[in-house]
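# Analysis of the macromolecular model
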Amino acid sequence: MAHCPFDFFTDGKKHTICLVGGGGKTTVMYELAAAWAACGCKVLVLTSTHILQPADGSFAADAAAVHNLWQQRRYAVIGTPELDTGKLTAPLQSVYEALQLQADVILCEADGSRHHPCKVPAEHEPVLLPDSDIVLAVAGMDALGHSLAQACQRPQPAAALLGCSLDSVIDEQMLAALLLSEQGARKNVGKRTFYIVLNKCDLLPVAQQEKILRLLARAGIDERRIWLRERGDSKC
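Residues numbered from 1 in each chain as written. Predicted model: local features only at pLDDT ≥ 70, side-chain atom pairs only at ≥ 80, totals over all residues. Heavy atoms only, no water.

### Some words on the packing of helix H6 (residues 172–180) against helix H7 (residues 206–218)
Which entries qualify depends on this criterion: The angle between two axes is taken between their N-to-C directions and runs from 0 to 180 degrees, where each axis is a line fitted to C-alpha atoms and a helix contributes only its stretch in contact. In this description a helix means any DSSP run of H or I spanning at least four residues, a strand means any run of E spanning at least two, and both kinds are numbered starting from the N terminus. What sets the label is the angle itself: under 35 degrees gives roughly parallel, over 145 gives roughly antiparallel, 65 to 115 gives roughly perpendicular, and the rest give oblique. Throughout, a crossing is termed right-handed when the near helix is turned clockwise from the far one, and left-handed when it is turned anticlockwise from it by less than a right angle. Pairs of residues are marked as contacts when any of their non-hydrogen atoms sit within 4.5 Å. Following the grouping adopted for this structure description, the nonpolar residues are Ala, Val, Leu, Ile, Met, Phe, Trp, Tyr, Cys and Pro, the charged ones are Asp, Glu, Lys and Arg, and the polar ones are all others, Gly among them.
Following both chains from N to C, one finds H6 and H7 inclined at 40°, their axes separated by 9 Å at the closest point. When the axis of H6 is compared with that of H7, the two are oblique. When the axes of H6 and H7 are compared, the crossing they make is right-handed. Contacts between H6 and H7 pair Glu172, Gln173, Leu175, Ala176 and Leu180 from the former with Gln208, Lys211, Ile212, Leu215 and Leu216 from the latter. Looking at the contact of H6 with H7 residue by residue, the class counts come to six nonpolar, two polar and two charged.

### Focus: the pairing of strand S7 (residues 105–109)
Our working definition: Partly exposed describes any residue whose relative accessible area lies between the buried limit of under 20% and the exposed limit of over 50%, with all areas from a 1.4 Å probe on protein chains only and scaled to the type maximum. By definition, two strands form a pair when at least two bridges between them are found by DSSP.
Where burial is concerned, most of S7 is hidden: five out of the five residues are buried. Examined bridge by bridge, strand S1 (residues 15–21) and S7 share five bridges and lie parallel to one another. Bridge assignment links His15 to a residue of S7, and that residue is Val105. Where strand S2 (residues 43–47) meets S7, five bridges bridge the pair, whose relative direction is parallel. Within S7, the residue paired with Leu44 across the bridge is Ile106.

### A word on the pattern of salt bridges
The line we're drawing: Should a side-chain nitrogen of Lys or Arg be within 4 Å of a carboxyl oxygen of Asp or Glu, the pair is scored as a salt bridge.
The tally for this structure, following the rule as stated, stands at seven salt bridges. A salt bridge links Arg229 to Glu31, with the nearest nitrogen and oxygen atoms 2.4 Å apart. Of the two residues, Arg229 is situated in the segment after strand S12 (226–228) and Glu31 in helix H1 (residues 25–38); the sequence distance between them amounts to 198 residues. The exposure class of Glu31 is buried, given its relative accessible area of 6%. As a salt-bridge pair, Asp222 and Arg224 come within 2.7 Å of each other at their nearest N and O atoms. Arg224 gets classed as exposed once you look at its relative accessible area, which sits at 63%. Salt bridges sharing partners connect three or more residues here, namely Asp111, Lys119, Glu125 and Arg154.

### A word on the layout of surface pockets
So the rule is basically this: For each structure, a 1 Å grid was placed over the protein atoms alone; sets of points admitting a 1.4 Å probe that cannot get out are labelled cavities, open sets with protein on both sides within 12 Å along at least five of seven lines are labelled pockets, and lining residues have an atom within 4 Å of a point. Grid points are joined across faces, edges and corners, and a volume is the space filled by probe spheres set on the points.
Volume-wise, the largest pocket comes out at about 790 Å³. When residues of the lining of the largest pocket are assigned to their parent elements, the largest contribution, four residues, is made by H1. In terms of residue class, the lining of the largest pocket is made up of five nonpolar, 15 polar and nine charged.

### Examining unusual backbone geometry
Working note: non-glycine residues mostly have negative phi, and peptide bonds are mostly trans. Glu125 connects to Pro126 through a cis peptide bond whose omega is -10°. Relative to the assigned elements, Pro126 resides in the loop between strand S8 (118–119) and strand S9 (134–140). In this structure, Arg73 takes a positive phi of about 60° despite not being glycine. Along the chain, Arg73 turns up in the loop between helix H2 (63–71) and strand S4 (76–77). What makes Arg73 partly exposed here is its relative accessible area of 48%.

### Some details on the sheet that holds strand S6 (residues 87–89)
Adjacent strands of a sheet form backbone hydrogen bonds with each other and so pair up, either parallel or antiparallel. Across the sheet, three strands lie side by side as S3-S6-S5; this open sheet has antiparallel pairing. The open sheet has two edge strands, strand S3 (51–52) and strand S5 (80–82), and neither has a second partner. Taken together, the three bridges between S5 and S6 define a ladder with antiparallel strand orientation. Counted as the bridge partner of Glu82 is Lys87 from S6.

### What to know about the sheet that holds S12
Spatially, S4-S2-S7-S1-S9-S11-S12 is the arrangement adopted by the seven strands of the open sheet, whose pairing is parallel. On the outer flanks of this sheet lie S4 and S12, each paired with one strand and no other. Bridge count for S1 against S9 is five bridges, and the pairing is parallel. Bridge pairing in S9 links Cys18 to Val135. H1 contacts S1, S2, S4, S7, S9, strand S11 (193–199) and S12 of the sheet and is inclined by roughly 170° relative to S7. Sitting on the sheet, H7 touches S11 and S12, and the angle it makes with S12 is about 175°.

Nothing here speaks to function; it is all geometry.
What follows is the structure, encoded as structure tokens:
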């Protein structure tokens, strides 16, 4: 059983968490949702952009289905189905507002990366929920050693942000800069609490993990707000 290091997981408070950034957001979101639900929390999962409609029975088409899943100690996924894509978009605001009042925890995928391990958001991104109090930024450590053109969604604005070329190979300093920038993963975070998940850390030697941790810590990110997540982590 993997350990989720974040204080919000066990503080007993109601949280609305938006996930942004690159590779692994959906997996992390469902891991957190399943762990909270197993503890008896009423967990609501949604997107403000697009996610695939889950095939495990966790999609709830109405409020009755949401409550049925909660009674089974399962999380409930809500949204508006797109029949031609098999994806969900944001739920109706009236539906969300009614269920929001009853949920203990809300998780929202608020950004897309098209499977790239890192990204720079477009002008309209991320679509953070106004009531969210936490932003969880995800980056895949498999970005390291690859060029911006290969590993970053929207590599042109990323190159402009970093002051380099599209062929520049992503290193720890560049990845940290994308996570820390208010034009990157911290865009529109404002007063929300900011956490980071470094995904696929098992791909890296310990020395590289420590280097990026030092870079983030020097920028003022508390190490207790950074999760070094390995592939295969399935529960928190």
